[in-house]
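Observations on the three-dimensional arrangement
Letter by letter, the chains look like this.
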Amino acid sequence: MPIKYYPSLSSVITLDDFPEYLGFIKQGLQGIFDKIYIKDFQAHISPRGESGFYGLSIVSKRRLQFEIPIARICNPCSQRL
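Before going into details, it helps to say that this report is about the structure given with it. These figures come from a predicted structure and were not determined experimentally.

On to the overall build of the chain. Per the secondary structure count, the chain includes two helices and two strands. Reading the helices (α) and strands (β) of the chain from amino to carboxyl end gives α-β-β-α. The proportion of buried residues among the 81 residues of the chain is 12%. Once local pairs closer than 6 in sequence are excluded, the contacts in the chain between residues at least 24 apart make up 34%. Total accessible area computed for the chain in this model is approximately 7400 Å², and 58% of it derives from carbon and sulfur atoms.

What follows is the structure in structure tokens.
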């Protein structure tokens, strides 16, 4: 069985891609991006370049677990509860 190779997320997204005002998280992101791998990368850009779509699957050797506070983002009224 051939060994599968997946490039790291840091090979696609560099720290230079982030705006300066997010500089305080750049160091931490570099460490995370080095340990997350991608597959099924797709990029579709319109002929004039005014719009585009990017898609990929994330692969990790370890389980990824994090909480996204989506209710507070999508429903501001939930913050009052």
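With that settled, consider the pairing of strand β2 (residues 52-60). Bridge count between strand β1 (residues 36-45) and β2: eight bridges; the pairing is antiparallel. In the strand pairing of β2, His-44 is matched with Phe-53. Between β1 and β2, which pair antiparallel and follow one another directly, the connecting turn spans six residues, one of which, Gly-49, has a positive phi of 80°.

On the surface, Val-12, Phe-41, Ile-45, Tyr-54, Leu-56, Ile-58 and Leu-64 cluster together into a nonpolar patch covering about 670 Å² of accessible area. The set of elements that each furnish at least two residues to the nonpolar patch consists of β1 and β2. Ranked by residues supplied to the nonpolar patch, first place goes to β2 with three residues. Tracing the backbone through its elements, the reader meets Phe-41 in strand β1.

A few words on the nonpolar core. Core analysis: the biggest nonpolar cluster contains five residues, these being Leu-9, Leu-29, Phe-33, Ile-36 and Ile-38. Of all the secondary structure elements, the ones that give two or more residues to this core are α1 (26-35) and β1.

So, about the side chain of Ser-46. For Ser-46, the position within the fold is in the loop between β1 and β2. At 3.2 Å, the side chain of Ser-46 and the backbone nitrogen of Glu-50 are in polar contact.

Parameters and conventions
- Residues numbered from 1 in each chain as written.
- Predicted model: local features only at pLDDT ≥ 70, side-chain atom pairs only at ≥ 80, totals over all residues.
- Heavy atoms only, no water.
- Helix = DSSP H or I, 4+ residues; strand = E, 2+ residues; numbered from the N terminus.
- Buried < 20%, exposed > 50% of the residue type's maximum accessible area, 1.4 Å probe, protein only.
- Contact = heavy atoms within 4.5 Å.
- Areas by Shrake-Rupley, 256 points an atom, 1.4 Å probe, with all protein chains shown as cover.
- Pairing = 2+ DSSP bridges.
- Patch = residues over 30% accessible without salt bridge, like charges linked within 9 Å, V, L, I, M, F, W, Y side chains within 5 Å.
- Salt bridge = Lys/Arg side-chain N within 4 Å of Asp/Glu carboxyl O.
- Core = buried A, V, L, I, M, F, W, Y, C linked by side-chain atoms within 4.5 Å.
- Polar contact = N/O pair within 3.5 Å; in protein donor to acceptor, adjacent residues only side chain to side chain.

Spatial relationships are all this shows, so hold off on functional conclusions.
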